[in-house]
Amino acid sequence: MTSPRTSRTSAKTSRRLLALGLGVTLAALGSAIPASAQPAGSTAPLHAGSTAPLHAGYTGSAQEAANNKAFFEAVLASVAKKQAADPGLRSVTVYYNASQAPTFRSQISSSASIWNSSVSNVKLQSTSGSADFSYYEGNDSRGSYASTNGHGSGYIFLDYAQNRQYDSTRVTAHETGHVLGLPDHYSGPCSELMSGGGPGTSCTNRYPNATERARVNQLWANGLAKALDKLNKAR
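Because the structure is a prediction, the values reported are computed rather than measured.

A. Just the environment of Arg-142, in detail. Within the secondary structure layout, Arg-142 lies in the loop between β3 (133–138) and β4 (145–148). When its relative accessible area of 7% is taken as the criterion, Arg-142 is described as buried. Sequence separation between Arg-142 and Asp-159 is 17 residues, and the spatial gap between their C-alpha atoms is 8.2 Å. Among the polar contacts listed, one links the side chain of Arg-142 to the side chain of Asp-140, at a separation of 2.5 Å.

B. Broad picture of the pattern of salt bridges. One pass over the full model with this rule turns up 3 salt bridges. Close ionic contact of Lys-69 with Glu-73 constitutes a salt bridge, the shortest N to O distance being 2.6 Å. In this pair, Lys-69 and Glu-73 are both assigned in helix α2 (residues 62–85), 4 residues apart and thus about one turn of the helix distant. In this structure Lys-69 comes out as exposed when scored by relative accessible area, which is 54%.

C. Structural view of the side chain of Ser-168. For Ser-168, the location among the structural elements is in helix α5 (residues 168–179). Assessed through its relative accessible area of 13%, Ser-168 is described here as buried. Looking at Ser-168, its side chain comes within polar contact range of the side chain of Gln-107, at 3.0 Å. Beyond its immediate sequence surroundings of up to four residues, Ser-168 is in contact with Phe-104, Gln-107 and Asn-163.

D. Structural detail: the pairing of strand β1 (residues 93–100). Across 4 bridges, β1 lies against strand β2 (residues 123–126) in parallel orientation. Along β2, the bridge assignment pairs Val-94 with Leu-124. On the question of chirality, the crossover connecting β1 to the parallel β2 by way of helix α3 (residues 105–118) is right-handed. When β1 meets β3, the two strands line up parallel, connected through 3 bridges.

E. Here's a closer look at the sheet that holds β2. With respect to topology, 5 strands assemble into an open sheet ordered β2-β1-β3-β5-β4, the strand pairing being mixed. Sheet topology places β2 and β4 at the edges, where each strand pairs with a single neighbour. Averaged over neighbouring strand pairs, the angle between their axes works out to 30 degrees when direction is ignored. With 4 bridges joining them, β4 and strand β5 (residues 154–159) adopt antiparallel strand pairing. Paired with Ala-146 across the bridge in β5 is Ile-156. The strands touched by α2 are β1, β3, β4 and β5; relative to β4, the strand with the most contacts, the crossing angle is about 60 degrees.

Cut-offs used in this document
- Residues numbered from 1 in each chain as written.
- Predicted model: local features only at pLDDT ≥ 70, side-chain atom pairs only at ≥ 80, totals over all residues.
- Heavy atoms only, no water.
- Helix = DSSP H or I, 4+ residues; strand = E, 2+ residues; numbered from the N terminus.
- Buried < 20%, exposed > 50% of the residue type's maximum accessible area, 1.4 Å probe, protein only.
- Polar contact = N/O pair within 3.5 Å; in protein donor to acceptor, adjacent residues only side chain to side chain.
- Salt bridge = Lys/Arg side-chain N within 4 Å of Asp/Glu carboxyl O.
- Contact = heavy atoms within 4.5 Å.
- Pairing = 2+ DSSP bridges.
- Right-handed = clockwise from strand over helix to strand, strands pointing away.
- Axes fitted to C-alpha atoms, helices over the stretch in contact; angles between N-to-C directions.

The values reported here are purely geometric and, on their own, carry no functional implication.
Okay, structure coming up:
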C-alpha cells in the first residue's frame, strides 16, 4: 500500500514530466511545419512562425508582416530578372505553380481570375514549370500564410482546417494579395480583402476594394521599375 507522502511525491513528479512534455511539444510546433503539411515528395520550405492559437495567423503578427514583405520582394525580384532579360515585354506577368496544392486548384484559379480582372499593371498566370512563386497545401496550426524559403523563392501555404472555417476562395485571394504587395489589415471591414479573418468567418467577400486595386497598380508600376534599376546597378 502506497503512503500519502509517496503519493504526493509521485503526483508532483508526474506534473513536472507533463509540463516538460508540453514545453517540448510547443517548442516543436513553433519551429517548423508539421510533417503532414508537406505532401509526399514535396519540397515545401519550412516556415518559422509563432506558437499562437489555431489560425491566429489569419489575425496578424509582426513575424507574419515581415514574411509577407519578404515574400513580395522575392516575387518582384524574380519578375524583374525576366523583364530585364526581355525588355520588349509589354505586360508584367507573374507565374505561379499550383501543382503542390491540388485540393485548392479551383480556388487558386478563381483567385487569379479575381486579381486579373481587378488590376491592370500585373497579371497572374499558371505554369507547370519554373514559377515566380508556388502554392502548397497541408495542415498547420498557424493557418495559411505567404513566405519565402530563404533562397529568394516565394510560396503560399494553404491550411486545410482554416479553409474549411473561412470562405476558401477569400482565404486564397487574400494570400495571393501578398504576391502583389499588399500587407494585412485585419482591423478593416469585410469589404476589404486584406482584412482577412478580422471580420470573422461570416465574411465571404473575395474581391479587393478600390483602394487595394489602386495600391497594387501603383506597386507594380513603381516597384518593378525600382527592382529593375537595382538589378541593373548590381550587374
